[in-house]
Amino acid sequence: MKLHWKHLQFDRETIGLIYGFLGVVGFSLTLPATRAAVQDLDPIFVGLGRGLVAAILAAVTLKITHQAIPSKRQLWSLLVVGLGVVVGFPLLSAWAMQRVPAAHGAVVLGILPLTTAIGGVLRSGDRPSSRFWVASIAGSLTVVCFGIISGAGQLQTADLALFASVIAAAFGYAEGGRLAKTLGGWQVICWALIVIAPFEVLPTIFVVLKQGLVAAPTAWLGFAYVSFVSQFVAFFAWYEGMAIGGVARVGQIQLLQPFLTILASAILLGETVKPIALGSACLVVACVAAGKKASIKQAIKVGDPLTRAAALQNRA
């Protein structure tokens, strides 16, 4: 996924954040759409079926663009990506959305930027400064406090599933962001979908034979959204942003996701946005702004001038 910035004066980091924001906008409707889908459809079908639909789109895209098959080492990394963002997060979040409201899930997922930053440290070699960690933790605590004060509910089994989905997504994001530097942003999600697809077929068929596919139009609309946007298109921008701006830096943009979900609920579902939500959103934006100014050292891959240039720029 490429945008032409030659007429705009943006540095690499800002371009990465713009891509990341576009990805987050796409992800912001994931939980509401999943919530709508699992009202009538089995969560296993929603969680794994979306990956199969997206895999078909990915196969067509890769075929049309004549992409070379990744190396054996890249395939192992793609397996990690797929287990995180094609299986782990979709399956666990779909199961949770059958038990708690989407707004509740959005609040719990507010810790995703912090776990993504940790994943970036472990998998991508990012080295955020203490200022970055303070900004990330402050933003995450703001989201958690928002959930407690607004009565999002006590810790439930669904919360544990959501926390597990956060860990799965974080490592999938971090590994994908690292791999996107060499393979390309949209190629990462396409190949990850292809790698994981064979493991999704039998469970999906089993659920269809057992539960059937009778569902309301709203459920199918939700399933279509998570299949086409959440599992496919949004990742084009997301991994491209991580490849350019770094896993930890771009991952922090996810702090805005709970509030974008709330805004979408107000516009699309007519829900009332409380003042505490707006106040919390302002604090989160401030944390993102503070984090953007903090230094992050990215790992330098020998022989890769683009990665080296990006890392040196982040050190400046």
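Note that the structure is a prediction, hence the values are computed from the model and not measured.

Draft legend 1. A look at helix α10 (residues 217-245). With 29 residues, α10 should cover 42 Å at 1.5 Å per step; its first-to-last C-alpha distance of 39 Å lies within 8% of that length. Counting buried residues in α10 gives 21 out of 29 residues, a clear majority hidden from the surface. At the C-terminal side of α10, G246 shows a positive phi close to 100 degrees.

Draft legend 2. Representation of helix α9 (residues 185-211) within the structure. The terminal C-alpha atoms of α9, which comprises 27 residues, lie 36 Å apart, in line with the 39 Å expected from a rise of 1.5 Å per residue. Directly after α9, the chain includes G212, whose backbone phi takes a positive value near 80 degrees.

Draft legend 3. Here's a closer look at the pattern of salt bridges. Throughout the structure, instances matching the rule amount to one salt bridge. The residue R178 makes a salt bridge to E175 at a minimum N-O spacing of 2.5 Å. Residue R178 and its partner E175 are located together in helix α8 (residues 157-183), separated by three residues, close to a single helical turn.

Draft legend 4. Structural context of the packing of aromatic side chains. If you walk through the whole model with that rule in mind, you get 11 aromatic pairs. Pairing F27 with F235 gives two aromatic rings, centres 5.0 Å apart and planes at 65 degrees, and the pair type is edge-to-face. Highlighted residues: F27 in helix α1 (residues 12-27) and F235 in helix α10, separated in sequence by 208 residues. Residue F27 is classed as buried on the basis of its relative accessible area of 5%. A ring pair is formed by Y173 and W238, whose centres lie 5.3 Å apart and whose planes are at 65 degrees; its orientation type is edge-to-face. Placement of Y173 in helix α8 and of W238 in helix α10 is noted, with a sequence separation of 65 residues between them. We classify Y173 as buried; its relative accessible area is 5%. Exposure remark for W238: the relative accessible area of 0% places this residue in the buried category. Put simply, the rings of F27, Y173, F235, W238 and Y239 touch in pairs and so form one group of aromatic residues.

Draft legend 5. Just the confidence of the model for the protein chain, in detail. Across the protein chain, the average pLDDT comes to 81, with 81% of residues at or above 70. For residues 302-316, every residue scores under 50 in pLDDT, and the model assigns this stretch 26 contacts once sequence neighbours within four places are set aside.

Draft legend 6. The side chain of S230, seen in detail. Examined against the element boundaries, S230 turns out to sit in helix α10. Classification of S230 as buried rests on a relative accessible area of 1%. Within polar-contact distance, the side chain of S230 engages the side chain of T30 at 2.7 Å. If near-sequence neighbours (up to four positions away) are discounted, S230 is found in contact with G26, F27, T30, R50, Y225 and F235.

Draft legend 7. Here's a closer look at the packing of helix α2 (residues 30-37) against helix α4 (residues 72-97). The N-to-C vectors of α2 and α4 enclose an angle of 60 degrees; their axes lie 9 Å apart at closest approach. Put simply, α2 runs oblique to α4. In this structure, the crossing between α2 and α4 has a hand that is right-handed. Contacts between α2 and α4 involve T30, L31, T34 and R35 from the former and F89, S93, A94 and M97 from the latter. Classifying every residue of the contact of α2 with α4 gives four nonpolar, three polar and one charged.

Draft legend 8. The side chain of T204, seen in detail. As for its position among the elements, T204 is in helix α9. Residue class for T204 comes out buried when judged on its relative accessible area of 7%. Of note is the side chain of T204, whose polar atom sits 2.7 Å from the backbone oxygen of E200. Excluding residues that lie within four positions of it along the chain, T204 makes contacts with F45, L48, G49 and L52.

Cut-off values and rules
- Residues numbered from 1 in each chain as written.
- Predicted model: local features only at pLDDT ≥ 70, side-chain atom pairs only at ≥ 80, totals over all residues.
- Heavy atoms only, no water.
- Helix = DSSP H or I, 4+ residues; strand = E, 2+ residues; numbered from the N terminus.
- Expected span 1.5 Å × (residues − 1).
- Buried < 20%, exposed > 50% of the residue type's maximum accessible area, 1.4 Å probe, protein only.
- Salt bridge = Lys/Arg side-chain N within 4 Å of Asp/Glu carboxyl O.
- Phe/Tyr/Trp six-rings, centres within 6.5 Å; stacked < 30°, edge-to-face > 60°.
- pLDDT = per-residue confidence, 0-100.
- Contact = heavy atoms within 4.5 Å.
- Polar contact = N/O pair within 3.5 Å; in protein donor to acceptor, adjacent residues only side chain to side chain.
- Axes fitted to C-alpha atoms, helices over the stretch in contact; angles between N-to-C directions.
- Parallel < 35°, antiparallel > 145°, perpendicular 65-115°, else oblique.
- Left-handed = near helix turned anticlockwise from the far one by under 90°.
- Nonpolar A, V, L, I, M, F, W, Y, C, P; charged D, E, K, R; others polar.

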